[in-house]
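# Coordinate inspection notes
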Amino acid sequence: MATVLALVASKGGVGKTTLAANLAAALARQGRPVLALDLDPQNALRLHLAPQPLPTNGLADVVLGRIGWRQSMMRGRGGVVLLPFGQLDDEQLVAFQQSLAAQPDWLALAIEGWALPADAVVVVDTPPGPSVYLQQVLRVASLALMPLLADAASFATRELVERMVDKYARARAGFGGLLYLVNQVAPERRLARDVLQRLRDELGPRLIGELHQDQAVSEAMAHMLPVAQYAPHSQAAHDIDEAVRRLLPHLDATSPGHWPAQA
Ligand SMILES: Nc1ncnc2c1ncn2[C@@H]1O[C@H](COP(=O)(O)OP(=O)(O)O)[C@@H](O)[C@H]1O
Ligand SMILES: [Mg+2]
């Protein structure tokens, strides 16, 4: 079974989708087979990684029985394979969420069924806050990564999702833990600097990266490219590479060969 990296957060707008896309592309550059999986009905991961013309299909179409898994996956940008969420209307979404609640291992079984290479990484984007999508991914995640903004709200709300990590992932063999990354770092803002220091102190080695606020991030998205491709010499591209460098040992420690069950 492949390694599953889940991007999780209590709040929206903290950089889950941006990081899912850019970490996926960075891992692919390291030579890992990468599947970027969008488990958020916003269907926004495709905006960073999809080939042109923008696809409308995705796992929603598999759920509706229109296509098979293989047809829902496509070669995305940055050398990753992309599985978009696709589009469901409100009633289809409610029905899908009910079926997910009734089949707790739906995602785990799907990933197992794809028989991905052992060194593959599945990077999963999720909607903000507690949801059936988060339950699904935490039941199969090898690692969870939470982007935080250096602000009081981000700090205060992180517990909401941390409790779910404890409930669905913590005790499971093969779960390597919850890591953090501070996003939109702006050193010129004093309050942010204080919060950042508090986060560093509190999280210690679980804080694997700091991504500066950088125009290159939003510009890259407008061009539908990973930051490393759009602006390879930007601060953001450098920060993402550094985060991946610190993430890799955690990923390798949770890869199937290292699982206690097989030791
Ligand atoms: N480091 C950054 N610098 C500048 N803009 C950023 C940065 N990270 C994220 N953004 C912007 O913030 C917005 C929210 O990011 P997004 O990844 O969509 O968050 P989420 O998926 O958590 O809701 C996007 O417009 C994105 O371009
Ligand atoms: Mg998002």
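This is a predicted model, so every value here is computed, not measured.

### Points about the nonpolar core
Where a protein is soluble and globular, its nonpolar side chains tend to be buried together. Within the largest apolar cluster, 56 residues are counted, with the highest numbers of intra-cluster contacts made by V8, L37, L39, V137 and L138. Per-element tally for this core: the top contributor is helix α6 (residues 106-114), with 6 residues. When sequence neighbours within four positions are dropped, the list of residues in contact with L39 reads L59, F85, W106, L107, V124, D125, T126, P127, Y133, Q136 and V137. Formed by 37 residues, the second largest nonpolar core is a distinct cluster that contains L5, M74, L179 and L248.

### Examining the side chain of S142
Within the secondary structure, S142 sits in the loop between α7 (132-138) and β6 (143-149). Note on S142: relative accessible area 2%, which makes it buried. Here V4 takes part through its backbone nitrogen, which lies 2.7 Å from a polar atom of the side chain of S142. S142 has contacts with A2, T3, V4, G174, F175, G176, G177 and T254, leaving out every residue within four places of it along the chain.

### Quick notes on the pattern of salt bridges
Two side chains bearing opposite charge may form a pair once their charged atoms approach each other closely. A full pass over the atoms with the stated rule returns 10 salt bridges. Note that D166 and R170 form a salt bridge whose closest N and O atoms lie 3.0 Å from each other. The partly exposed category is assigned to D166, whose relative accessible area is 42%. As a salt-bridge pair, R200 and E210 come within 2.8 Å of each other at their nearest N and O atoms. Residue R200 is located in helix α9 (residues 190-203), and its partner E210 is located in strand β8 (residues 207-212); the two are separated by 10 residues in the primary sequence. Several salt bridges converge on common partners, so that one network encompasses R158, E162 and E202.

### A few points about the site of ligand 1
Neighbouring ligand 1 are 15 residues, the closest being G13, K16, T17, T18 and N183. With respect to ligand 1, the side chain of Q184 contributes an N or O atom lying 3.4 Å from a nitrogen atom. With respect to ligand 1, the backbone of H212 contributes an N or O atom lying 2.9 Å from a nitrogen atom. For ligand 1, whose free accessible area comes to 560 Å², the fraction covered by protein is 78%. Within the residue set of the shell around ligand 1, elements represented by two or more residues are α1 (16-29), β7 (178-185), β8 and α10 (215-222). The element best represented in the shell around ligand 1 is α1, accounting for 3 residues. When the residues that make up the shell around ligand 1 are grouped by side-chain class, the tally is 3 nonpolar, 10 polar and 2 charged.

Cut-offs used in this document
Residues numbered from 1 in each chain as written. Chains lettered and ligands numbered in written order. Predicted model: local features only at pLDDT ≥ 70, side-chain atom pairs only at ≥ 80, totals over all residues. Heavy atoms only, no water. Core = buried A, V, L, I, M, F, W, Y, C linked by side-chain atoms within 4.5 Å. Buried < 20%, exposed > 50% of the residue type's maximum accessible area, 1.4 Å probe, protein only. Helix = DSSP H or I, 4+ residues; strand = E, 2+ residues; numbered from the N terminus. Contact = heavy atoms within 4.5 Å. Polar contact = N/O pair within 3.5 Å; in protein donor to acceptor, adjacent residues only side chain to side chain. Salt bridge = Lys/Arg side-chain N within 4 Å of Asp/Glu carboxyl O. Near = heavy atom within 4 Å. Areas by Shrake-Rupley, 256 points an atom, 1.4 Å probe, with all protein chains shown as cover. Nonpolar A, V, L, I, M, F, W, Y, C, P; charged D, E, K, R; others polar.

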